[in-house]
Structure formats: structure tokens, C-alpha cells
Amino acid sequence: MQVRYSFVRNLSTGLRSRSATKRGTTKPQSSSSSSSSSTSSFLSGLDENFTLSSLKLKRPSDSGDSSNGVFKQISSIFHAGKSVKKPDSDEIDGAKEFERVPNLSSLSSVSQSNILLQRKEQSRQKKQKCVFEFTQEKRFQKLIEVCAKILGPEATLELFGKVGREPSVKGYNALVEMCIDNARGTDDEDIAIEELGKVFNLFKSMREQGLELQEQTYRPLLLYIIDMRMVEEFQFFYVVIKDENPSSVTRLGYYEMLLWLKVNNDEKIQGICNYIAENDGEDTSDIRESYLLALCESERMEEILKMLEIIGIKNLSSTKSVAKIFQALGRLLLEPVAEKFLLDFKTSDHEADNITNFIASYAVSIPNLSVRNILQMALVEDVIKKFKDLHQRLEVSPSSSSYEKLILHSCALLKVHMALDIVDEMCEAGLTLSTKVLHSILQICDKTSEYNLLEGAYKMLEDLEELNLKPAAGMYNVIMAECLREKNISDGVRVLEHMQCADIKPDSQTFSYLISNSKTKEDIVKYYEELKQSGIVATKQIFMALVNAYAACGQLEKAKKVILDPLIPPKSLNQVKAVLVSVLASHGQLSEAFVIYEEIKQVGHKLEAKDVMSLIEHTHSDGELDRLLLLLEELDDTDYWNDACCRIILYCIWNKHLSSAVELCNLLKDKFQSDEQVMEVLFDKVFSLIEESESSHWHTCLELLSEIKDKVGLLPSQKCHDSLLRACANANDLHNTE
């Protein structure tokens, strides 16, 4: 143990000396509030000599690079002619490493054809407004994670530092979590301490980069240190975090209380309780609340009650904090206290929905056999009884959200029948069950031997009938949708049979699901005929489903004839035609798609933005630029216009229309307040998609970068820099295109 402490002391001599010289050059630090200073006066008695030293990064040896020509070309664009040092291939294992490791070769992008296939599938299933709904930040995040797994956190930082692209806060979060996972996964104390040293270096890098050290970054570290009862290490990092972000002192109080509870340090715990009692000013309310919430995670009933009396539950900052207090009261079986607080809330005209949720938080926290002996055990039945009793005594009615807490609690304990009983009560009260909770019930039905997945759902519906409550078609539709979502087509189809047996008439949504998931044209025709015979009025969703289903079965001619159906509501005809336009475009029949598009325009109907985007994204052949520009003019929505403009720029790159691409970049620039925003959009939705395309496209791309820098005044961003550097590593033939 002494070796560990010595290592900690020796490890951070560098931080204090560097902090003294760098504070004036980094972002300014706000001074601590009075609460921070008063808190610091009694917290921990920190040893000022505790330091972690920075761990030296091992620098790989230099080596040659086969892509020097292209790298110089990239450098000239990004650095105004000034050459920068390209990361040596040995430092990142060069192109060989990218080829050798399958995951690394597809770090942040996939092939152009795969991207198009993914976008088609997303457009068909989710109808998302933007087919480029993945961001550079996510791709870069993935790149960081993969590199860190292979190279380690510090070497990854060094690698990205060499290309001038440090991680964002999310990137640092991933690296910190990786270090903590490594520490948790070893029994070797020296290795664990080394991982803490790496975290320290990450914090230092964040400071040098000007990033604020927030709870999402340091939380995994502090929880690990607390779990391992590392008091001295906690004290050190407490100072580091507080110095870097003085406003974090409130949340640090929460973790400090957890530490003293973990190591059972009564003196420190009592000191904090005294502080809470003696400092009741408004400026200390937040940190007192943090201490209280941490204390409520313990079994120290006496201290909890004392602090609640001092602070006052009504003075807590949020209903979320209040709910945590009621969870603690339930866990400690403090019903009289809970009831007193609930009555106080009611008499002060607190919102009824909040009160019923507080009751649910209390009830579901009553311990079961796993944490109490048999005499104190509370089964699910007791939890439900307590839930009902408290509502009756307080004369408040349960809400949907409080009922759902009870249902999820029953599901977590595999008490499916109890969950279904609660659903019965909800229906009796006229409350609606959310699809999310019904999905949880269906999932737990599948896990438990008490019910088959569908049997449990059907029993729930049968129970409603026994209460003379007739289930609606919508409830069966939810079951059908769940089966179809899980690709369980046969069970999804059988839901219709169950509806017929229960004398529940299917609605238009039912047949829409069945038609959309039909695998043959015969099934499509069968369900559509059943719908017509049932007398159900076909909605526009039915005809949209017919168009998509026929197309999915390869029956494009049938899909085209859907728009001739006389049953289509006249006001919905153009919307159904718009779906057909998208289907034809996605199947390569652009000429016919544009014919129908013109028909829609001639009757004065404007195509929806998502359908215009479908035409734009599926237009690839040369000679269509004028038509694409006309489509762009039809878009009024800014987001769609930006995406469409980027898509057309991509088209210009593929077809070598450099001057048009430059003009579009200029138009894009006018849409944004800053050049940085333009480049963010431009390279998220254009450049990254070229990353693995042919070298001829790369030539056009490089020419475009030079043109927009010289003629439009847009300087390529670091994100573009990253993509080009990855391309150098991934594309073996780039140096031959010089």
C-alpha cells in the first residue's frame, strides 16, 4: 500500500509546476463561490503534497511514407502552403495496420454503395427526413474508440495530436472509461495505478485543449476510486477536478460523502452533517442537497432523518431529487415519515401527478427478500397493497406514470401476472398504457415460464373482457406491431385470427401492418380484399402500404396501378403519388418518377421535402444537373435545402462539375452565420462520403478544396483534414495519382 501512495505522490509533481505556468495562458478560471470556500475548509483535510506525475508517452520511431505527394498536397490546402509533418506510418502502423485490422479499415465510414443501401432502408422503414443523419462527430468518436483499443489511450492522443485533431469531450469520456475498465479488470495494483495516471494525463490534455472537466468525464474515475476505497487517490483527484472546474465542488460533495460512507469514516460523515446544520444559506443549498442525496444511498437512518429535518424536503431543487428521498424512505421502511411528507405536499397544493409518482417511488423501493430477512420481506403483492393504501389515505388517484412504475417493478421481479393485473386496473380507470411499457410486458412474458410471449399478451386482453371491458383494435395492433418488428411474421398474422375470435373488428391500421409485411402479391391482394369486404374505409396509409409492398415484392407495375384505385380519398391522391415517386426513384425508374412528379406539380400540389430529397439522392447519371438545381429551388425547409445542396455537390464531384460545385458551396455559405458552420455541414455530408471512393473522385475533391479556399474564402476544417489523412492510410494507390 505504501508503494502505491509513494507512486501517487511522485506521479504528479508535473501538474503543479505546469499549472503555475499555464494558468495564465489557458482559459480563465472563475473563482470559487463562498460555498466552495467554506466547503473546502472542512473537506477531507487534503494533503497538498499529493501529486500524480504525467506519464511520458512513448514516441514511435520515424519511418518513410509512400503517400508524401498527396500529404503535401493536403497540407498546402490546410496550411496555406506551409508544410506540416505527416504522422509517420510506423506511429500508426501505417496503411498496413489499417489493412491488417478489419475493424480499423472501417473506422468511421463504409463504402459508398453500402451507405446508399443503408439510406434506402432507412428511408423506407423510418421515413426520416434526412438521409445523411450521421455526423462527423460520431464517426470521429468511433475512430477514437477503435484506435484506443489497439494503441492505448495515450498513443491515441499522440496520434491525433500529430494531425492537429484532438478529441472532443465525448472522445475524452470514451478514453477515460477505457482506462477505468482496464483498472477494474486487473488484480495487479500497479497496473490499476498506471491506468489512474493515464486518466490524469487525459485531464491534463483536456485542460491544455481548453475543454471543461465535467461530471460525465470524471464520474467513472471517482466511482472506481470509491469502490476501491482509495482515500488518498480521491483526495488528490478532488483537488485536480476542483482546480480545473471550480463549479464542480457541489457535485464533488456528493462523491465525497459516498467515499466516507464506503470506508465507514464516522468522523468525516459527522463533520459533513455538522456543516449542513451550520450553513443554511442560499449559497450552500446545492451542496447540502448533494450531501443529502449521497447520504440517502446508505443505511444511516438517524443521520438521514436529521438532515431531512434540517434541509426540508420541499426545499430540494427538483422532483427528481424528491423522488430519490422517497426511494430511500421506502428502502428503510420509514412509512410514517413518507406519509408525513406526502401529506405536507398535498396540503401545500403540490401537483397531484407528482404526489402519486412519489408514492410509487416509495412503494417500489420497499426491499424484497434479496436485501432483507424473511420477517422484513415485502413481496410484490405487499408493494402493490402499500401503493393502493397510500393513495386511498391521501385521497389521490394514481396516474399512468405511477402505475407504469409499478408495472415495470413487477416485470423486473418476473411477476408477470401482477403486471397484467395492474394493466387491468389502469384500463378500469380509463388510463392509457404506453407502448413502451407494453413492450416491457411482452418481453418479460417471453423470459418467464409463466407465460408465452403472446399468451401473456392475450391473457391480458382476456382479463379485460372478464371485466366487461372490450379491448380496442389498437391494443391488438400493438401486439401485431411488436411481432412484426421482431420479424415474427407468422405470429403477427395470427393476431388477426385472435381479433376475429374475440369479435374485435380490425381497423385500417391493422390491414396497413399486414399489407406492409406481405411477402407475396397474393397476400397483398388477399388483405386488401378483406379490408374492402369488411366495410372499413381505406385511409391513405393503406394505399401507401400497397405501393411499398408491391415494390418490395418486385411488382413495380402493380405499384404503379395503385394510384388508379378509385377508393383513394381525392385529397390523399397526391400524397400516394408522392410515395410512388420515391419508390420509382429508388428502383432506378427515374424517367417515370419525374413524369408523376410533373403531374403532381401541374395540379398545384407541392411535393413534400422528403420526396424531393428521394429524387435528388437517386439521381446519379451525368446530364441531370439542371434538373437537380430546379429541385433544389423547390425546397423551403432549411435543413432539407442544406442536405439537398450537399447531395448535389456530391453529384458534381462524381461527375466532375467543379465550377457548379463551387457555386453551390457559395450558396451554402450564404445560409450560415459562420464559415465554421458551413464547413461542418459540407464535410459531414459531402467529404466523408467520398472517403473510400475512387482516386479520380479524390482528385476532384482536392481541386474543390483549393477552389473554395481561393474563390469562396472557406478554409477546410480539421474534419476534412482527418478524412484526407485516413484516406492516405486506407487508399494504397493515392501516391500514384500525384
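Residues numbered from 1 in each chain as written. Predicted model: local features only at pLDDT ≥ 70, side-chain atom pairs only at ≥ 80, totals over all residues. Heavy atoms only, no water.

**Student:** It is not clear to me how the overall build of the protein should be interpreted in this structure. Could you clarify?
**Tutor:** Helix and strand counts for the protein come out as 40 helices and zero strands. Evaluated residue by residue, the protein yields a buried proportion of 50% over its 738 residues. If you take every contact in the protein between residues at least 6 apart in sequence, the share linking residues at least 24 apart comes to 69%. With an accessible surface of roughly 34500 Å², the protein has 49% of that area assigned to carbon and sulfur atoms. (Helix = DSSP H or I, 4+ residues; strand = E, 2+ residues; numbered from the N terminus. Buried < 20%, exposed > 50% of the residue type's maximum accessible area, 1.4 Å probe, protein only. Contact = heavy atoms within 4.5 Å. Areas by Shrake-Rupley, 256 points an atom, 1.4 Å probe, with all protein chains shown as cover.)

**Student:** Hey, could you run me through the pattern of salt bridges in this one?
**Tutor:** Where charged atoms from two side chains of opposite charge come close, those side chains can pair. Counted by the stated rule, this structure contains 25 salt bridges. Among the salt bridges present, the one from Glu215 reaches Arg251, with a minimum N-O distance of 3.0 Å. Within this pair, whereas Glu215 is found in helix α12 (residues 215–227), its partner Arg251 is found in helix α14 (residues 249–262), the two being separated by 36 residues in sequence. Residue Arg251 is classed as partly exposed on the basis of its relative accessible area, which comes to 26%. Residues Lys346 and Glu395 are paired through a salt bridge, measuring 3.8 Å at the closest nitrogen-oxygen approach. (Salt bridge = Lys/Arg side-chain N within 4 Å of Asp/Glu carboxyl O.)

**Student:** Quick question: what am I supposed to make of the packing of helix α26 (residues 473–485) against helix α27 (residues 489–501) here?
**Tutor:** A pair of packed helices is characterised by two quantities: the angle between their axes and the separation of those axes. For the pair α26 and α27, the least separation of the axes is 7 Å and the interaxial angle reads 165°. Regarding the angle of α26 to α27, the classification is roughly antiparallel. The chirality of how α26 crosses α27 is right-handed. On α27, the residues touching Ala473, Tyr476, Ile479, Met480, Cys483 and Leu484 of α26 are Ile489, Asp491, Gly492, Val495, Leu496, His498 and Met499. Residues of the contact of α26 with α27, tallied by class, amount to 10 nonpolar, two polar and one charged. (Axes fitted to C-alpha atoms, helices over the stretch in contact; angles between N-to-C directions. Parallel < 35°, antiparallel > 145°, perpendicular 65-115°, else oblique. Left-handed = near helix turned anticlockwise from the far one by under 90°. Nonpolar A, V, L, I, M, F, W, Y, C, P; charged D, E, K, R; others polar.)

**Student:** Looking at this structure, how should I read the nonpolar core?
**Tutor:** Nonpolar side chains tend toward joint burial in soluble globular proteins. Core analysis: the largest hydrophobic core is formed by 98 residues, its most contacted members being Phe203, Phe237, Ile325, Phe326, Leu329 and Ile407. Top contributing element to this core by residue count: α14, with nine residues. Apart from residues no more than four positions distant in its own chain, Ile407 is found in contact with Ala419, Ile422, Val423, Met426, Leu433, Val437 and Ile441. (Core = buried A, V, L, I, M, F, W, Y, C linked by side-chain atoms within 4.5 Å.)

**Student:** Mind showing me how you'd approach a negative patch on the surface here?
**Tutor:** On the surface, a cluster of negative charge is made up of Asp187, Asp188, Asp190 and Glu194. Along the chain, Glu194 falls in helix α11 (residues 189–209). (Patch = residues over 30% accessible without salt bridge, like charges linked within 9 Å, V, L, I, M, F, W, Y side chains within 5 Å. Lys, Arg positive; Asp, Glu negative; His and termini not counted. Charge placed at Lys NZ, Arg CZ, Asp CG, Glu CD.)

**Student:** Is there a simple way to think about the packing of helix α15 (residues 266–278) against helix α16 (residues 285–295) in this case?
**Tutor:** Between α15 and α16, the least distance of the axes is 10 Å, while the angle of their chain directions is 140°. Taken together, α15 and α16 sit at an angle that is classed as oblique. As α15 packs across α16, the resulting crossing turns out to be left-handed. For the pair formed by α15 and α16, the contact residues are Ile272, Tyr275 and Ile276 on the first element and Ile287, Arg288 and Tyr291 on the second.

**Student:** Help me understand the confidence of the model for the protein, please; the structure alone is not making it clear to me.
**Tutor:** Close reading of the predicted structure is inappropriate where its pLDDT is low. Averaged over every residue, the pLDDT of the protein is 74; residues scoring 70 or more account for 67%. In the predicted structure, residues 79–113 sits below a pLDDT of 50 and forms 71 contacts with residues beyond four places in sequence or in another chain. (pLDDT = per-residue confidence, 0-100.)

**Student:** Explain the environment of Ser399 to me, please; I cannot follow it from the model alone.
**Tutor:** Position of Ser399 relative to the elements: it lies in the loop between α21 (380–394) and α22 (400–412). For the pair Ser399 and Ala352, spaced 47 residues apart in sequence, the C-alpha to C-alpha distance is 8.7 Å. The residues contacting Ser399, other than those within four sequence positions of it, are Asp353, Thr356, Asn357 and Leu431.

**Student:** Hey, could you run me through the packing of aromatic side chains in this one?
**Tutor:** Counted by the stated rule, this structure contains 13 aromatic pairs. When the ring of Phe387 is compared with that of Tyr403, the centres are 5.8 Å apart and the planes differ by 45°; the resulting orientation is tilted. Here Phe387, found in helix α21, pairs with Tyr403, found in helix α22; they are 16 residues apart in sequence, far enough to count as distant. The exposure class assigned to Phe387 is buried, which follows from its relative accessible area of 2%. Judged by its relative accessible area of 7%, Tyr403 is buried. Seen in terms of ring centroids, Tyr528 and Phe543 are 6.1 Å apart; in terms of plane orientation they differ by 75°. Their pairing is edge-to-face. Within this pair, whereas Tyr528 is found in helix α29 (residues 521–534), its partner Phe543 is found in helix α30 (residues 540–552), the two being separated by 15 residues in sequence. Relative accessible area serves as the criterion here: at 0%, Phe543 is assigned to the buried category. Taken together, the aromatic side chains of Phe200, Phe203, Phe236 and Phe237 make up a single cluster linked through ring pairs. If you follow Arg627 out to its NZ or CZ, it ends over the ring of Phe594, 3.9 Å from the centre. (Phe/Tyr/Trp six-rings, centres within 6.5 Å; stacked < 30°, edge-to-face > 60°. Lys NZ or Arg CZ within 6 Å of the ring centre and 35° of its normal.)

**Student:** I keep staring at helix α17 (residues 301–311) and nothing clicks. Help me out?
**Tutor:** Since the α-helix packs 3.6 residues into each turn, any two residues three or four apart lie on the same face. Inspection of α17 places Glu303, Ile304, Met307, Leu308 and Ile311 among the buried residues, and these make up the whole buried set. For α17, the angular spread of the buried residues around the axis is 130°, confining them to a single face. More than 90 degrees from the buried face of α17, the exposed residues found are Glu302 and Glu309. The inward-facing, buried residues of α17 contact α15, α16, α18 (319–331) and α19 (335–347). (Arc of directions from axis to C-beta.)

**Student:** Could you clarify how one ought to interpret unusual backbone geometry in this entry?
**Tutor:** Peptide bonds are mostly trans, and most non-glycine residues show a negative phi. Even without a glycine there, the phi angle at Glu395 is positive, about 55°. Mapping Glu395 onto the fold places it in the loop between α21 and α22. The exposure class of Glu395 is exposed, given its relative accessible area of 66%. Positive phi is not limited to glycine here, since Asp503 has a value of about 60°. Mapping Asp503 onto the fold places it in the loop between α27 and α28 (508–516).

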